[in-house]
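One-letter residues, chain by chain:
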Amino acid sequence: RAMLKVEDGCVNFCTYCVIPYARGPVRSLPLAAAAAEAGRLAGEGYREIVLTGIEISSWGQDFRDGTGFIDLVEAVCAAAPGCRVRLGSLEPRTVTEDFCRRCAALPNLCPHFHLSMQSGCDATLRRMNRKYDAARYEESVKLLRAFFHRPGITTDMIVGFPGETTEEFEETLSLLEQVRFDALFTFIFSPRPGTPAAKMDDPVSREEKQKWFDRLCDTQNRISLEIHQGYVGRTLRVLVDGREKEMLTARTEGGRLVRFAGDDSLIGQFLDVTITGCTTWSLVGEVK
């Protein structure tokens, strides 16, 4: 698996984030250069390419020629047709009907979408200076599920943002139940010096935030396990990427971790694995 950095910088200025001050404005790797690098990586034997950057949804903004992120995705997929192409973290605004239609036409694009959410509460999102609300986020999820069969959808959540109330936190829990993410990356808010959020009134105690955090994790762990149980008995195509103790590890197109017994000679290969069991965090299987 190779990481292909296609963008640096960010101009979103979320109130909790120092990146725009530290990294500066958006700078995009030219489309032709990105495609050439993808072709080179494929030629070196990589089986999967991950498009990464600080805020890849903004790729192409600095060109001011109408070129957008989906154009880059199409070029990279065409340049490395034998590789799986996986996308890094996306802003919900990226997911439009046109984006989904064009992505669904790419046979080597992994149907795994990490859509950064941060909160399920509109009031909290406004304090974060995020550029969407919960309804727009849910629209993005519905579009992805309309164009892809069982896509992997993951996100980030910040618990205990300054000013967040118990009622606002409950809105985030409600969104989890409605969207049913495959996995969640969760953080308790910590202030970054020099950001607007670091100066906001933050009356909720660390102990209370920890309780919210635990409830959020418990809710997502239950959802993840329920989703994984639905895969038992199915055969999935995976890319074997390593070993953890006695088990090989692999990833499905949708980003699910699969563990199974096997020899190290299988690392780097695509295999069909029949799922025989699961945990909250991974699927367990055997080579077909």
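The structure under discussion appears in the preceding block.
Note that the structure is predicted; figures quoted are calculated from it, not measured. Sequence positions are assigned chain by chain, starting from 1 and proceeding in written order. Where totals are concerned, whole chains, interfaces and linings use all residues; where local detail is concerned, this predicted model gives features only for residues with pLDDT of at least 70, and gives and counts side-chain atom pairs only at 80 or more. Values reported for side chains reflect all heavy atoms of the structure, with hydrogen atoms and water molecules removed beforehand.

Turning our attention to the overall build of the chain. Secondary structure is summarised from DSSP: a helix means a run of H or I of at least four residues, a strand means a run of E of at least two, and numbering begins at the N terminus for each. Assigned secondary structure in the chain consists of eight helices and 12 strands. As defined in this context, the radius of gyration uses C-alpha atoms, and a globule is described by 2.2 Å times the residue total to the power 0.38. Here the chain has a C-alpha radius of gyration of 20 Å; the compact-globule value for 288 residues is 19 Å, and the two agree. Any two residues whose heavy atoms approach within 4.5 Å are treated as being in contact. Long-range contacts, defined here as pairs at least 24 residues apart, represent 72% of the contacts in the chain between residues at least 6 apart. Only the protein chains shown count as covering a residue, and every accessible area follows the Shrake-Rupley method with a 1.4 Å probe. For the chain, the exposed area adds up to about 13,000 Å²; of that, 53% sits on carbon and sulfur atoms. Charge assignment in this entry is limited to Lys and Arg as positive and Asp and Glu as negative, and neither His nor the chain termini are counted. Here the site of a charge means atom NZ of a Lys, CZ of an Arg, CG of an Asp or CD of a Glu. Separation between the mean location of the 36 positive side-chain charges and that of the 40 negative ones in the chain comes to 2 Å.

Two residues of an α-helix separated by three or four positions point the same way, owing to the 3.6 residues in each turn. Note on exposure labels: buried denotes an accessible area under 20% of the residue type's maximum, exposed denotes more than 50%, and partly exposed covers the range between, all computed with a 1.4 Å probe on protein chains only. Here helix H3 (residues 69-79) has its buried residues at Phe 69, Ile 70, Leu 72, Val 73, Ala 75, Val 76 and Cys 77. Close packing links the buried residues of H3 with strand E1 (2-8), helix H2 (31-43), strand E3 (48-53), strand E4 (84-87) and helix H4 (97-104).

Before going further, it helps to spend a moment on the packing of aromatic side chains. The geometry of an aromatic ring pair is captured by the separation of the ring centres together with the interplanar angle, meaning the angle of the planes. The pairing test for Phe, Tyr and Trp rings, Trp by its six-membered ring, is centres within 6.5 Å, and the orientation test on the planes gives stacked under 30 degrees, edge-to-face over 60, and tilted for anything in between. All told, the structure shown has eight aromatic pairs when counted by the stated rule. By the ring-pair criterion, three or more aromatic residues cluster together here, those being Tyr 16, Phe 161 and Phe 189. Over a ring means this: the NZ of a Lys or the CZ of an Arg is within 6 Å of the ring centre and within 35 degrees of the ring normal. Across the ring face of Tyr 231, the terminal group of Arg 150 is positioned such that the distance to the ring centre comes to 4.3 Å.

Before going further, it helps to examine the nonpolar core. Put simply, a nonpolar core is a bunch of buried Ala, Val, Leu, Ile, Met, Phe, Trp, Tyr and Cys residues held in one set by side-chain atoms that sit within 4.5 Å of each other. If you look at the biggest cluster of nonpolar residues, it comprises 60 residues, and the most contacted ones within it are Tyr 16, Leu 51, Phe 69, Val 73, Leu 87, Phe 99 and Phe 181. Among the elements that take part in this core, H3 stands out by supplying six residues, more than any other. Excluding residues within four positions of it along the chain, Val 73 makes contact with Leu 51, Leu 87, Leu 106 and Leu 109. Counting 15 residues, the second-largest nonpolar core is a separate cluster that includes Val 238, Leu 248, Val 258 and Leu 266.

Strand pairing is defined by DSSP finding a minimum of two bridges between the two strands. Around the barrel, which closes on itself, the five strands sit in the order E8-E9-E10-E12-E11 with mixed pairing between neighbours. Strand after strand, the sheet turns through a mean of 55° between neighbouring axes, direction not considered. Pairing geometry for strand E10 (residues 257-260) and strand E12 (residues 283-287), over three bridges, is parallel. Within E12, the residue paired with Arg 259 across the bridge is Val 284. Between N-to-C directions, angles cover 0 to 180 degrees, with each direction set by a line fitted to C-alpha atoms, over the stretch in contact for helices.

Another point: the pattern of salt bridges. For side chains of opposite charge, pairing can occur when their charged atoms come near one another. Between Lys or Arg on one side and Asp or Glu on the other, a salt bridge is scored when a side-chain nitrogen of the former is within 4 Å of a carboxyl oxygen of the latter. By the definition in use, this model includes 26 salt bridges. With a closest N to O distance of 2.8 Å, Arg 102 and Glu 74 form a salt bridge. Of the two residues, Arg 102 is situated in helix H4 and Glu 74 in helix H3; the sequence distance between them amounts to 28 residues. Among the ionic pairs, Arg 237 bridges to Asp 272, the shortest N-O distance being 3.3 Å. Placement of Arg 237 in strand E8 (residues 235-244) and of Asp 272 in strand E11 (residues 270-278) is noted, with a sequence separation of 35 residues between them. For Asp 272, a relative accessible area of 29% gives the class partly exposed. Salt bridges sharing partners connect three or more residues here, namely Arg 1, Glu 48, Arg 84, Arg 86 and Asp 241.

With that settled, consider the sheet that holds strand E7 (residues 183-188). Taking strand neighbours across the sheet as the criterion, the three strands line up as E5-E6-E7 in an open arrangement whose pairing is parallel. This sheet does not close on itself; its edge strands, each paired only once, are strand E5 (112-114) and E7. Going across the sheet, the axis of each strand differs from the next one's by a mean of 15°, ignoring polarity.

Our focus in this paragraph is the pairing of E11. The pairing of E8 with E11 spans five bridges and is classified as antiparallel. What sits directly across from Val 238, in E11, is Leu 271. Bridging between E11 and E12 involves five bridges; their strand directions are antiparallel. For Thr 274, the partnering residue across the bridge sits in E12 and is Glu 286. The turn linking E11 back onto E12 is made up of four residues.

Below, the discussion takes up the environment of Phe 63. On the secondary structure map, Phe 63 appears in the loop between E3 and H3. The exposure class of Phe 63 is partly exposed, given its relative accessible area of 30%. Taking C-alpha positions, Phe 63 is 48 Å from Glu 286, a pair spaced 223 residues apart along the chain. For Phe 63, the contacting residues outside a window of four places in its chain are Ser 28, Leu 29 and Pro 30.

Remark: H4 packs on helix H6 (residues 134-147), axes separated minimally by 10 Å, with the N-to-C direction vectors making an angle of 30°. The angle between H4 and H6 places the two elements in the roughly parallel class. Every pair of crossing elements has a handedness; the one defined by H4 and H6 is right-handed. Here H4 contributes Glu 97, Cys 100, Arg 101 and Ala 104 to the contact with H6, which in turn contributes Leu 143, Leu 144 and Phe 147. Side-chain classes follow a simple rule in which Ala, Val, Leu, Ile, Met, Phe, Trp, Tyr, Cys and Pro form the nonpolar group, Asp, Glu, Lys and Arg form the charged group, and the remainder, Gly included, forms the polar group. Partitioned by chemical class, the residues of the contact of H4 with H6 number five nonpolar, no polar and two charged. Should an angle fall under 35 degrees it is called roughly parallel, over 145 degrees roughly antiparallel, and 65 to 115 degrees roughly perpendicular, with every other angle called oblique. In this scheme, a crossing is called left-handed if the near helix is turned counterclockwise away from the far one by less than a right angle; it is called right-handed if the turn is clockwise.

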